[in-house]
Amino acid sequence: MNDAANEIILHNYPQSPVAEKARVALGIKGLAWRSVEIPRLTPKPMLTKLTGGYRRTPVMQIGADIYCDSQCILRELEHRHPSPSFFPTAEAGMMWWLSRWTDGALFDLTVKVVLGSAGDALPKDFAQDRGRLYLGENWADGLRAANAALPHLAAQLRAPLSWANDQLSDNRKFLLGDNPAAIDAQLYHLTWFLRGRWDQGPKFLSEFKYLERWENTVHAIGHGTMTDLSPEDAIERAASCTPCTLPATDPFDPQGLTPGMQVTVSPDLNGGEQPVEGEIVSATVDTISILRHETDVGAIGVHFPRAGYRVDITG
Ligand SMILES: N[C@@H](CCC(=O)N[C@@H](CS)C(=O)NCC(=O)O)C(=O)O
């Protein structure tokens with residue numbers, strides 16, 4: 001494979017906290033990567049041409065392979081670039097479990113605080129898009145409820161942040177010790193979001209002096225070496241490459257997924273999102289890889305995590 005086929009392309013936009021998680025992860029690994037700036041709101045035709053409909057941020061592309069969701073992105077980065085490891089201690093399993101909470105309940109809480117505190121100041125189209133994505137069909141009620149419950153929501157955030165602060169009080173540099181880990185990026189993107197986008201964020205975080213020091217240390221890691229790429233060039237890259245996943249079957253797969261089956265894959269949430277259709281190439285315990293064909297591009301491999309995603313067999 002030539003260099004271009006291996007180049008990491010991150011489809012993202014500057015304000016996205018989950019993209020910030022991926023950017024810090026790229027920084028931890030000290031990688032060079034290309035950044036395609038995508039719109040903050042749908043439609044995102046240049047992105048969905050590659051993903052087959054998945055619209056969330058970030059998405060990583062390597063050649064004709066598309067990795068959806070930061071969980072899938074971090075796993076693939078660890079696979080392709082194992083050193084330095086995202087798991088510098090012997091607890092990789094426990095760190096993946098913990099990330100299900102940072103990316104799940106803690107992320108939801110953070111989003112409620114940020115959106116709820118903005119109230120009517122949110123632009124209408126943004127409120128509608130993010131409200132539906134994160135708060136369900138009755139998102140307008142959900143936003144009002146979040147606004148009314150801000151002190152309660154802040155209390156829910158405060159306890160876990162105080163535990164992180166206490167853990168950092170022995171002057172360790174990172175959450176697990178001297179070396180940065182995936183969990184640093186997975187927690188940092190939430191404090192970055194709270195600090196930057198909640199008007200009370202800096203005040204709220206100011207009681208946690210060890211956490212603040214850690215935020216500065218994580219910030220100083222940087223994002224690796226980033227250079228811009230146009231969406232047209234990213235699509236052209238996919239067209240000139242071939243998806244790289246090899247067929248794999250897992251005899252213990254609870255859904256009996258095997259290569260060749262037609263499926264749809266979508267986040268296992270009520271976000272009103274479009275499922276992505278394709279043919280299974282590989283279904284393992286933690287990743288589902290499907291193949292799809294896109295007009296003017298050709299074959300594209302699209303990868304999703306199993307944890308947090310729903311796979312429905314369609315044929
Ligand atoms: N579980 C996903 C969550 C991604 C997510 O919700 N990202 C937000 C941005 S921070 C998003 O997609 N917002 C809507 C958008 O960008 O269109 C992941 O870890 O990548």
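Residues numbered from 1 in each chain as written. Predicted model: local features only at pLDDT ≥ 70, side-chain atom pairs only at ≥ 80, totals over all residues. Heavy atoms only, no water.

Undergrad: Mind showing me how you'd approach the sheet that holds strand E2 (residues 32–37) here?
TA: Within a sheet, neighbouring strands are paired by backbone hydrogen bonds and run either parallel or antiparallel to one another. Within the open sheet, the ten strands sit side by side as E5-E2-E1-E3-E4-E9-E8-E7-E6-E10. Their pairing is mixed. Looking at which strands have only one partner, the edges of the open sheet turn out to be strand E5 (225–228) and strand E10 (309–313). In this sheet, adjacent strand axes meet at a mean angle of 35° when their direction is disregarded. Its contacts with the sheet place helix H12 (residues 231–240) against strand E1 (8–12), E2 and strand E3 (59–62), and it is angled at close to 50° to E3. (Pairing = 2+ DSSP bridges. Helix = DSSP H or I, 4+ residues; strand = E, 2+ residues; numbered from the N terminus. Axes fitted to C-alpha atoms, helices over the stretch in contact; angles between N-to-C directions. Contact = heavy atoms within 4.5 Å.)

Undergrad: Would you mind going over the packing of helix H8 (residues 150–168) against helix H11 (residues 209–221) with me for this structure?
TA: Each packed pair of helices is defined by two parameters, the angle between the axes and the distance between the axes. The geometry of H8 relative to H11 is characterised by a closest axis approach of 7 Å and an angle of 80° between their N-to-C directions. Comparing their axes, H11 and H8 come out roughly perpendicular. Counting all contacts with H8, which are made through Leu161, Ala164, Asn165 and Leu168, the residues of H11 involved are Lys209, Tyr210, Leu211, Arg213 and Trp214. Per-class residue counts for the contact of H8 with H11 are six nonpolar, one polar and two charged. (Parallel < 35°, antiparallel > 145°, perpendicular 65-115°, else oblique. Nonpolar A, V, L, I, M, F, W, Y, C, P; charged D, E, K, R; others polar.)

Undergrad: Looking at this structure, I do not really get the site of the ligand. What am I missing?
TA: The environment of the ligand is made up of 16 residues, and the closest members are Lys44, Arg55, Thr57, Asp69 and Ser70. Between the ligand and Tyr13 there is a distance of 2.9 Å, counted from an oxygen atom to a side-chain nitrogen or oxygen. A distance of 2.7 Å separates an oxygen atom of the ligand from a polar atom in the side chain of Arg55. Within the complex, 93% of the 500 Å² of free accessible area of the ligand lies under protein. Listed by contribution, the elements that provide at least two residues to the shell around the ligand are helix H2 (17–28) and helix H6 (124–135). (Near = heavy atom within 4 Å. Polar contact = N/O pair within 3.5 Å; in protein donor to acceptor, adjacent residues only side chain to side chain. Areas by Shrake-Rupley, 256 points an atom, 1.4 Å probe, with all protein chains shown as cover.)

Undergrad: When you look at the domain arrangement of the protein chain in this model, what are you seeing that I'm missing?
TA: The parts lose accessible area when they come together, and the size of an interface is often stated as this lost area. Each domain of the protein chain was delimited in the assignment, giving domain 1 (3–84 + 226–313) and domain 2 (92–220). The distance between the C-alpha centroids of domain 1 and domain 2 comes to 24 Å. In total, domain 1 and domain 2 occlude about 2,100 Å² of area from one another, counting both sides; carbon and sulfur atoms represent 60% of this. Contact with domain 2 buries surface across domain 1, with Pro17, Lys21 and Leu41 losing the most and accounting together for 25% of the total. Linking domain 1 to domain 2 there are two salt bridges. (Domains from an automatic or database assignment. Buried area = accessible area lost by both parts, 1.4 Å probe. Salt bridge = Lys/Arg side-chain N within 4 Å of Asp/Glu carboxyl O.)

Undergrad: What am I meant to see in the pattern of salt bridges here?
TA: If charged atoms from side chains of opposite charge come close, those side chains can pair. Tallying each qualifying case throughout the model produces 20 salt bridges. The partner of Glu7 in a salt bridge is Arg237, and the shortest N-O contact between them spans 2.9 Å. With Glu7 in the loop between helix H1 (3–6) and E1 and Arg237 in helix H12, this residue pair connects regions lying 230 residues apart in the sequence. Ionic pairing is found between Asp170 and Arg172, a salt bridge with its closest N-O pair at 2.9 Å. For Asp170, a relative accessible area of 48% translates into the label partly exposed. Judged by relative accessible area, which is 22%, Arg172 ranks as partly exposed. Connected via shared salt-bridge partners are Glu7, Arg34 and Arg237. (Buried < 20%, exposed > 50% of the residue type's maximum accessible area, 1.4 Å probe, protein only.)

Undergrad: Whenever I open this one, unusual backbone geometry confuses me. Can you help?
TA: In this structure, Pro58 follows Thr57 across a cis peptide bond, with omega equal to 5°. Mapped onto the elements of the fold, Pro58 is located in the loop between helix H3 (45–51) and E3. Note that the residue after Ser83, namely Pro84, is joined by a cis bond; omega there is 0°. Its identity is not glycine, yet Asn171 carries a phi of approximately 70°, on the positive side. Phi is positive for Asp296, which is not a glycine, with a value near 70°.

Undergrad: Is there a simple way to think about H2 in this case?
TA: An α-helix turns once per 3.6 residues; consequently, residues spaced three or four apart project the same way. For H2, built from twelve residues, the straight-helix expectation of 16 Å at 1.5 Å per residue is met to within 8% by its first-to-last C-alpha distance of 16 Å. For H2, a buried count of twelve out of twelve residues is recorded, marking the element as mostly surrounded by other parts of the structure. All of the buried residues along H2 are Pro17, Val18, Ala19, Glu20, Lys21, Ala22, Arg23, Val24, Ala25, Leu26, Gly27 and Ile28. At its buried positions, H2 is contacted by E1, E2, helix H4 (70–80), helix H5 (92–118), helix H9 (182–197) and H11. (Expected span 1.5 Å × (residues − 1).)

Undergrad: I keep staring at the pairing of E3 and nothing clicks. Help me out?
TA: Consecutive residues of a regular strand have side chains that alternate between opposite faces of the sheet. The alternating pattern of E3 places Val59 and Gln61 and Met60 and Ile62 on opposite faces, both of which are buried. Summarising the sheet, E1 and E3 pair through four bridges and their orientation is antiparallel. Its bridge partner being in E3, Ile8 is matched across the sheet by Ile62. The antiparallel hairpin formed by E3 and strand E4 (residues 65–68) contains two residues in its connecting segment, where Gly63 sits at a positive phi of about 65°.

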